[in-house]
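One letter stands for each residue in the lines below.
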Amino acid sequence: MIQQTRLRQELKKQRQRDSVIRKVILIVILVIAAVYAAGCLFYSSHFYVGGTVFGIGMRNQTVESLKEQIREKIDGYQLTVTTRDGEEEITADQISLDYDDQGEIDALLEEQNAALWFLMFAADVGDYEVDVTMDEGMLGDAVSSLSCMQEENMTDPTDAYLDYEDGVFVIREETCGNRLVYDTVYSVIRDAVYDGLSAISLEDFSCYAEPEITQDEEALVEECEQVNSLLGVEITYDFSDRTMVVDSSVIEGWIVFGEDYTWELDEDAVADYVYEMAYETDTFGLSRTFTTHDGSVITLKGGDYGWCINQSETTEQLIGLVEAGESVTVEPVYRYSGICRDTNDIGDSYVEISISEQTMWVYSDGECVVSTPVVTGNSSRGYDTPSGGVWAVDARITDYTLSGQDYNTQVNYWLPFNGNVGIHDATWRSSFGGDIYKTSGSHGCINTPLDAMKIVYENVQIGYPVVVY
């Protein structure tokens, strides 16, 4: 009996709970219905879309409130234009800005389904166009009159480039400048006005002329590496007692940069360097001082002894060495060469002949190996031996026949140094030296006793300098 009573009580409580739930659900449904109905009523005259018209938000606005706000905005419209140098303004008066109501906003509300207002947060959030007008010619004038558009206020961008500094090429960073592209600026400002924007930054719309080459350009970086590899080259030209060094400070001035990250060595500049090198070191045919056997210092002019750089071939050689990228010590390519490359190119191995003393001395490595009387050209007959210069021995010949208009003579040793003039033995003579040459001298050659001539021949090589004075 007690259990049945408890069961009836539980059933009663359950019915009471169910009744409450049903009432709550009914209330919720009625509230939702009321809210929905209110929304339908409200959004039958208001927008629920989240878009904009002339930069003005549409949601919860009526047609008239939107139109009024558009008119108010146009009346006081001002567009702030931010540039790299500051801010400037364009006003409605400058461009004759106006609003011509063509019923676009009314049409938008009519197209809106108020019954779907609850979907407002999924509704279109785009920008809707209305008939806002301006005088685009006046806009062009307004844009042109901006301070940032004046030529005197604009600087061009500069490309990144290679520059030489402290022995290497470095990449100089590009500069942006502040030169504006008129067509782009005009288009951006026009669109901003039509969209009802109150501020824009020209930086955000690529209105500025930009450098074409930046410091991170891969080809520029590679070019820098290539030319710097050349600057690591050191070409040393050896001139025995002195050198000339081609290093980065010299090579830098030869590098010419072309288009598309190309470079080359300026052949004319290299040739100028070789010319200067030849000017400083060539001795062929030039005057030089000479210290005679007795310590007298004389000046010698002319002759064919000495060094002369082949400038065209040396230029090619130097370009090749630099481009090869190897540091080496070399000699120039010579057109003519001597025995000694010192500044005093006669050196300490030479032949010395004194016309007045009728004597010849032969030196080898500074030691006099021969001192002998000789007979030079017959001065009375105009066969004077060429003198006052330095010549080079052209050949070394034994058992040679000398021939001329009035002679045909066999000699044992022949060392020509000036055409048909040379040093040879003269077995037909019984005496040498003194004044013999004045009346009974040679046809210009250096007549030498046979025993002395044998020693001369053994010590003198082709190219040996022969000093005659």
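The shown structure was predicted, so the numbers you read here are calculated from the model rather than taken from an experiment.

Calculation notes
- Residues numbered from 1 in each chain as written.
- Predicted model: local features only at pLDDT ≥ 70, side-chain atom pairs only at ≥ 80, totals over all residues.
- Heavy atoms only, no water.
- Helix = DSSP H or I, 4+ residues; strand = E, 2+ residues; numbered from the N terminus.
- Rg over C-alpha atoms; globule rule 2.2 N^0.38 Å.
- Buried < 20%, exposed > 50% of the residue type's maximum accessible area, 1.4 Å probe, protein only.
- Lys, Arg positive; Asp, Glu negative; His and termini not counted.
- Charge placed at Lys NZ, Arg CZ, Asp CG, Glu CD.
- Core = buried A, V, L, I, M, F, W, Y, C linked by side-chain atoms within 4.5 Å.
- Contact = heavy atoms within 4.5 Å.
- Pairing = 2+ DSSP bridges.
- Salt bridge = Lys/Arg side-chain N within 4 Å of Asp/Glu carboxyl O.
- 1 Å grid on protein atoms, 1.4 Å probe; cavity = no way out; pocket = protein on both sides within 12 Å on 5 of 7 lines; lining within 4 Å.
- Points joined across faces, edges and corners; volume = space filled by probe spheres on them.
- Nonpolar A, V, L, I, M, F, W, Y, C, P; charged D, E, K, R; others polar.
- Axes fitted to C-alpha atoms, helices over the stretch in contact; angles between N-to-C directions.

J.: Pulling in residues and values, what's your account of the overall build of the protein?
T.: Check the secondary structure of the protein and you find twelve helices and 28 strands. What you see for the protein is a C-alpha radius of gyration of 53 Å, clearly larger than the 23 Å of a compact globule of 469 residues, by over 25%. Projected onto its principal axes, the C-alpha coordinates of the protein cover approximately 175 × 80 × 35 Å. The buried share of the protein, reckoned over its 469 residues, is 40%. Taken together, the 26 basic and 84 acidic charged side chains of the protein have centroids lying 20 Å from each other.

J.: Quick rundown of the nonpolar core? Include the residues and the values.
T.: If you look at the biggest cluster of nonpolar residues, it comprises 47 residues, and the most contacted ones within it are Phe47, Ile70, Leu97, Ile105, Leu180 and Ile189. Where this core is concerned, the elements lending two or more residues are helix H2 (63-75), strand E3 (78-83), helix H3 (92-95), helix H4 (104-111), helix H5 (136-145) and helix H6 (182-194). With six residues, H6 is the single largest residue contributor to this core. Contacts of isoleucine 189, omitting those with residues within four sequence positions, involve Leu79, Val81, Ile90, Leu139, Val143, Leu146 and Ile200. In terms of nonpolar packing, the next biggest core, distinct from the first, is built from 34 residues, Leu231, Val233, Val270 and Val274 among them.

J.: Report on the sheet that holds strand E6 (residues 127-128), specifying residues and quantitative values.
T.: The strand order E2-E1-E6 describes an open sheet built from three strands, whose pairing is mixed. The two strands at the open ends of the sheet, each matched to only one other strand, are strand E2 (56-57) and E6. Taken together, the two bridges between strand E1 (residues 52-53) and E2 define a ladder with antiparallel strand orientation. Of the residues in E2, the one forming a bridge with valine 53 is isoleucine 56.

J.: Mind laying out the side chain of threonine 281, listing which residues take part and the relevant values?
T.: Along the chain, the position of threonine 281 falls in helix H9 (residues 267-281). Look at threonine 281 and you get buried, because its relative accessible area is 3%. Sequence-distant contacts of threonine 281, that is, excluding residues within four places in its chain, are made with Phe239, Arg242, Met244, Ile309 and Arg341.

J.: If you had to explain the pattern of salt bridges to someone new, which residues and values would you point to?
T.: Enumeration according to the criterion identifies 14 salt bridges in this entry. Across the salt bridge formed by arginine 84 and glutamate 203, the nearest N and O atoms sit 2.9 Å from each other. Placement of the pair is arginine 84 in the loop between E3 and strand E4 (86-91) and glutamate 203 in the loop between strand E10 (199-201) and helix H7 (218-231), with a sequence separation of 119 residues. With a relative accessible area of 41%, glutamate 203 lands in the partly exposed category.

J.: Describe the layout of surface pockets, with residues and values.
T.: Considering only enclosed or pocket space, the largest pocket measures out at about 270 Å³ in volume. Together, 16 residues line the largest pocket, and Leu402, Tyr407, His424, His443 and Cys445 are the ones closest to its centre. Looking at the lining of the largest pocket, the elements that each hand over two or more residues are strand E24 (397-403) and strand E25 (408-418). With three residues, the single largest contributor to the lining of the largest pocket is E24. Residue classes in the lining of the largest pocket are distributed as six nonpolar, nine polar and one charged.

J.: Summarise the sheet that holds strand E27 (residues 446-448); cite the residues concerned and give the values.
T.: Read from one edge of the open sheet, four strands run E24-E25-E26-E27, paired in mixed fashion. With one partner strand each, in any of the chains shown, E24 and E27 form the two edges of the open sheet. The average undirected angle you get between the axes of adjacent strands in this sheet is 45°. Both strand E26 (residues 421-425) and E27 contribute to a ladder of three bridges, which runs parallel. Across the sheet, isoleucine 423 pairs through a bridge with isoleucine 446, a residue of E27.

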